[in-house]
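Below, each chain spelled out in residue letters.
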Amino acid sequence: MPQSRKLFDRPGETDLVAVDRALAEFRAARPVLLRQGEELALALSAELAEADLTARLDFLSAGKARLVLSAARLRRLGAKGRTETGTLAMPAIDLARIETLALKLEARVDAPVGPANALDNAALELARLSLVLPAVILVPVQAAQVAGEPLIEVTIDAVNGYRAAQVARLAIVGRAPVPLEGAPETEFVVFRGGEGLRDQVAIIVGKPDLSAAVPVRLHSACLTGDLFGSLKCDCGDQLRETVQWMAENEGGILLYLDQEGRGNGISNKMRAYKLQSQGWDTYDADEVLGFDLDQRHFDFAAAMLKQLGVSSVTALTNNPLKIGAIKAAGLEVAATQRVLGRPNVHNVRYLASKRDRAGHFIDMDALMARAAPKD
């Protein structure tokens with residue numbers, strides 16, 4: 001007789017559920033069991049590691065543990081020109097050493113950097129999905145060593161395919177009219193899926209013509225700028241002025257995407273802000289923490305637009321990465337339009353860095369003229 005399916009199985013979602021659970025465990029400072037065929041390893045966030053747990057992992061490791069670090073962090077540690085993830089051997093799991101290598105400004109590589117394998121790279125992807133520092137303690141284990149332990153097990157294929165799987169299951173879960181100041185005819189559409197366990201929002205301003213090129217802005221959430229009016233960035237200005245422009249120009253769609261700190265998460269954004277207050281450039285600050293120029297993905301944003309019936313856009317952005325992502329997803333970019341913020345003494349270096357380091361289309365002369373006092 002064929003074996004019957006378990007009552008609560010959800011066909012096609014086994015991998016998604018496993019990664020969802022693994023993310024919760026990883027963020028809760030508990031180890032996750034990664035599998036590649038018969039090869040197993042315990043992965044633990046280096047940032048969240050605690051003494052009691054690491055002592056137990058040290059016992060299991062038999063001197064074979066390693067610290068997995070991103071290429072960006074390794075470059076900051078002195079591995080010049082590094083472009084790939086690497087590992088540092090940990091004959092003993094030493095929390096002070098881990099903290100130094102993962103986070104300290106003055107730290108330097110203290111051992112040969114080894115190549116990363118598939119388990120190492122999946123562990124680092126788990127950290128990125130969890131929005132913690134991209135630094136992971138990895139302990140190779142045998143199945144017998146962890147038998148009966150309350151561990152969440154996940155395959156590296158499930159981890160590596162998680163983002164694409166989330167895009168595929170993106171769905172509208174709620175929508176309602178929400179009149180805004182200056183844009184009373186506005187609808188909020190909430191999507192589930194896309195990036196991890198977070199919901200995403202499309203704000204439809206007015207009645208855009210979906211048969212033509214729709215004005216669209218992909219706006220990554222910025223708690224400090226959007227909500228509190230931070231002077232360190234131009235995000236709040238871009239958000240409010242885009243909505244106002246759409247309301248005055250036959251409508252458009254703003255996608256409000258939960259990608260705080262260029263996809264690094266709010267805690268890492270605050271770490272980067274602290275470094276910026278000490279004189280670091282915005283992108284150098286992120287590299288110190290182990291992040292490359294931009295961790296964001298926009299394929300799910302394009303999927304949101306497709307579900308709303310959009311096939312052609314006028315992209316309201318200064319960021320070539322967003323334009324490329326829209327095109328790569330099969331949507332037409334009929335035109336682009338710059339989105340200006342207001343320069344001030346706190347953000348002018350940030351704006352220049354976005355232009356010079358990430359290729360943003362920012363005309364500093366036009367911005368400064370905009371900020372000049374009017375007669």
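Please read these numbers as outputs of a predicted model, since none were measured by experiment.

Student: Summarise the pairing of strand E3 (residues 65-69); cite the residues concerned and give the values.
Tutor: In terms of burial, E3 is a largely internal element, five of the five residues being buried. Both faces of E3 are covered, namely the face carrying Ala 65, Leu 67 and Leu 69 and the face carrying Arg 66 and Val 68. Pairing analysis gives five bridges linking E3 to strand E4 (residues 86-90), with the strands arranged antiparallel. By the bridge assignment for E4, Arg 66 is matched with Ala 89. Bridge count between E3 and strand E6 (residues 135-141): four bridges; the pairing is antiparallel. Bridge assignment links Arg 66 to a residue of E6, and that residue is Leu 138.

Student: Describe in detail empty space enclosed by the protein, supporting the description with residues and values.
Tutor: All told, the structure shown has three cavities of 30 Å³ or more when counted by the stated rule. One number sums up the size of the largest cavity: a volume of about 430 Å³. Of all elements in the fold, only strand E11 (214-220), helix H10 (235-248), helix H11 (260-263), helix H12 (266-277), helix H13 (282-288) and helix H16 (348-358) reach the threshold of two or more residues within the lining of the largest cavity. Among the elements that take part in the lining of the largest cavity, H12 stands out by supplying four residues, more than any other. Residue composition of the lining of the largest cavity, grouped by class: seven nonpolar, twelve polar and nine charged.

Student: Which residues make up the packing of aromatic side chains, and what are the values?
Tutor: How two aromatic rings sit relative to each other is set out by the distance from centre to centre and by the angle between their planes. Using the criterion set out here, one finds zero aromatic pairs in the structure. Taking NZ or CZ as reference, Lys 232 lies 4.9 Å from the ring centre of Tyr 273, over its face.

Student: Could you give me a rundown of the nonpolar core, with the residues and numbers involved?
Tutor: Counting residues in each nonpolar core, the largest one holds 29 residues, and the members touching the most others are Ile 253 and Leu 255. Of all the secondary structure elements, the ones that give two or more residues to this core are strand E9 (186-195), strand E10 (198-205), E11, strand E12 (252-257), helix H14 (299-307), strand E13 (312-316) and helix H15 (320-328). The leading source of residues in this core is H14, at six residues. Every residue in contact with Leu 255, bar those within four places of it in the chain, is listed here: Val 201, Ala 202, Arg 217, Leu 218, His 219, Ala 301, Met 304 and Leu 305.

Student: So, a nonpolar patch on the surface: which residues are in play, and what are the values?
Tutor: A cluster of nonpolar residues, Leu 223, Leu 227, Phe 228, Ile 266 and Met 270, forms a patch on the protein surface that exposes about 500 Å² of accessible area. Within the secondary structure layout, Phe 228 lies in the loop between helix H9 (223-227) and H10.

Student: Now, about unusual backbone geometry: what can you tell me, with residues and values included?
Tutor: The phi dihedral of Leu 131 falls on the positive side, at around 65°, and the residue is not glycine. Locating Leu 131 in the fold gives a position in the loop between helix H5 (118-130) and E6. A positive phi angle is found at Arg 262, which is not glycine, with a value near 55°. By the element assignment, Arg 262 lies in helix H11.

Student: Give a description of the pattern of salt bridges that names residues and reports values.
Tutor: Evaluation of the coordinates by the stated rule reveals 21 salt bridges. A salt bridge links Arg 30 to Glu 25; the nearest nitrogen and oxygen atoms lie 3.0 Å apart. Residue classification places Arg 30 among the partly exposed residues on the basis of a relative accessible area of 41%. Put simply, Arg 76 and Asp 284 hold a salt bridge, and the shortest N to O gap is 3.0 Å. Of this pair, Arg 76 sits in helix H3 (residues 71-76) while Asp 284 is found in helix H13, placing the two residues 208 residues apart along the sequence. The class of Arg 76 is partly exposed, set by a relative accessible area of 26%. Among the charged side chains, a salt-bridge network with shared partners connects Arg 75, Arg 76, Asp 281, Asp 284, Glu 287, Asp 292 and Arg 357.

So, how was this worked out
Residues numbered from 1 in each chain as written. Predicted model: local features only at pLDDT ≥ 70, side-chain atom pairs only at ≥ 80, totals over all residues. Heavy atoms only, no water. Buried < 20%, exposed > 50% of the residue type's maximum accessible area, 1.4 Å probe, protein only. Helix = DSSP H or I, 4+ residues; strand = E, 2+ residues; numbered from the N terminus. Pairing = 2+ DSSP bridges. 1 Å grid on protein atoms, 1.4 Å probe; cavity = no way out; pocket = protein on both sides within 12 Å on 5 of 7 lines; lining within 4 Å. Points joined across faces, edges and corners; volume = space filled by probe spheres on them. Nonpolar A, V, L, I, M, F, W, Y, C, P; charged D, E, K, R; others polar. Phe/Tyr/Trp six-rings, centres within 6.5 Å; stacked < 30°, edge-to-face > 60°. Lys NZ or Arg CZ within 6 Å of the ring centre and 35° of its normal. Core = buried A, V, L, I, M, F, W, Y, C linked by side-chain atoms within 4.5 Å. Contact = heavy atoms within 4.5 Å. Patch = residues over 30% accessible without salt bridge, like charges linked within 9 Å, V, L, I, M, F, W, Y side chains within 5 Å. Areas by Shrake-Rupley, 256 points an atom, 1.4 Å probe, with all protein chains shown as cover. Salt bridge = Lys/Arg side-chain N within 4 Å of Asp/Glu carboxyl O.

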